[in-house]
Amino acid sequence: MRKRWLWGLTAIVLGVALYMFTGSPLSNNDHTMLALGRLDFLPAMALVLLNKIVRKAAHLLVYAFMAICLRNALYPWRWTYPAAWLLTTLYGASDEFHQIYVWGRTPLFTDVLIDSLGAAIALFIIYWSHRKRRRRLYGSQTS
């Protein structure tokens, strides 16, 4: 990880982009429904469900990427994984808090949980794959 600073910068840029995006009243549920409304061959209930899935998947994926960026910026520090998860979760919570003051946005605790879950899943996958690779390279000596 020679370019840890680049990962840290990417996490910061992502955080700023998220802050600006979620600070816009145009990034609310109604506008997502409007975009999905072009799928007029789907029944209304399917569109509502698809809207929910798209919005929650976006939370999961964006915060998974943020956790990966933070993990790579902090690696090989001993507390890399917990710190990356905690920083990502705290940022998700602060972003939801920020939405209290944005017209047309609704802060949800469940979104913070989804953000945290996305971070945890991404970090677990990285940890597991690195551990598996170390075992393959060095045998069962590594625990």
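The model shown is predicted, which means the values in this text are computed figures rather than measured ones.

## Focus on the overall build of the protein
Logical step 1: When you go through the protein residue by residue, the secondary structure sums to five helices and zero strands.
Logical step 2: From first element to last, N terminus to C terminus, the protein shows the α and β order α-α-α-α-α.
Logical step 3: Referenced to the eigenvectors of the C-alpha coordinate spread, the extents of the protein come out at roughly 55 × 35 × 25 Å.
Logical step 4: Buried residues in the protein amount to 32% of all 143 residues.
Logical step 5: Summarising the internal contacts of the protein: among those between residues at least 6 apart in sequence, 65% fall at separations of at least 24.
Logical step 6: Just so you have it, the protein exposes about 9700 Å², and 72% of that area is on carbon and sulfur atoms.

## Here's the deal with the pattern of salt bridges
Logical step 1: Overall, the coordinates contain one salt bridge when judged by the stated rule.
Logical step 2: Here aspartate 111 ties to lysine 56 by a salt bridge, and the two come within 2.5 Å at their closest N and O atoms. Separated by 55 residues along the polypeptide, aspartate 111 in helix 5 (residues 109–138) and lysine 56 in helix 3 (residues 44–74) bring together distant segments of the chain.

## Topic: the packing of helix 3 against helix 4 (residues 80–98)
Logical step 1: Across the interface, helix 3 lies against helix 4 with an axial gap of 8 Å and an inter-helix angle of 135°. Relative to helix 4, the element helix 3 is oriented oblique. Both helix 3 and helix 4 take part in a crossing whose hand is right-handed. Here His59, Tyr63, Met66, Ala67, Leu70, Arg71 and Leu74 of helix 3 come into contact with helix 4, specifically with Thr80, Tyr81, Ala83, Ala84, Leu87, Thr88, Tyr91, Gly92, Asp95 and Glu96.

## Re helix 4
Logical step 1: A rise of 1.5 Å per residue sets the reference length of helix 4, with its 19 residues, at 27 Å; its end C-alpha atoms lie 26 Å apart and thus fit the reference within 8%.
Logical step 2: Residues Thr80, Tyr81, Ala83, Ala84, Thr88, Thr89, Gly92, Asp95, Glu96 and His98 constitute the buried set of helix 4.
Logical step 3: For helix 4, the elements touching its buried residues are helix 1 (4–22), helix 3 and helix 5.

## With respect to the confidence of the model for the protein
Caution applies to low-pLDDT parts of the model: their predicted coordinates are not meant to be read in detail.
Logical step 1: Summing up the model confidence of the protein, the mean pLDDT is 90 and the portion of residues at 70 or higher is 97%.
Logical step 2: When the elements of the protein are averaged for pLDDT, helix 2 (residues 29–36) gives the smallest value, 80, and helix 4 the largest, 97.

## Concerning the packing of helix 3 against helix 5
Logical step 1: Between helix 3 and helix 5, the shortest axis-to-axis distance is 7 Å and the interhelical angle comes to 50°. Taken together, the axes of helix 3 and helix 5 are oblique relative to one another. Crossing of helix 3 over helix 5 shows right-handed handedness. Of the residues in helix 5, those in contact with Lys56, His59, Leu60, Tyr63, Ala64, Ala67, Ile68 and Arg71 of helix 3 are Asp111, Ile114, Asp115, Leu117, Gly118, Ala119, Ala122, Leu123, Ile126 and His130.
Logical step 2: Of the residues assigned to the contact of helix 3 with helix 5, the class counts are eleven nonpolar, three polar and four charged.

Conventions and cut-offs
Residues numbered from 1 in each chain as written. Predicted model: local features only at pLDDT ≥ 70, side-chain atom pairs only at ≥ 80, totals over all residues. Heavy atoms only, no water. Helix = DSSP H or I, 4+ residues; strand = E, 2+ residues; numbered from the N terminus. Buried < 20%, exposed > 50% of the residue type's maximum accessible area, 1.4 Å probe, protein only. Contact = heavy atoms within 4.5 Å. Areas by Shrake-Rupley, 256 points an atom, 1.4 Å probe, with all protein chains shown as cover. Salt bridge = Lys/Arg side-chain N within 4 Å of Asp/Glu carboxyl O. Axes fitted to C-alpha atoms, helices over the stretch in contact; angles between N-to-C directions. Parallel < 35°, antiparallel > 145°, perpendicular 65-115°, else oblique. Left-handed = near helix turned anticlockwise from the far one by under 90°. Expected span 1.5 Å × (residues − 1). pLDDT = per-residue confidence, 0-100. Nonpolar A, V, L, I, M, F, W, Y, C, P; charged D, E, K, R; others polar.

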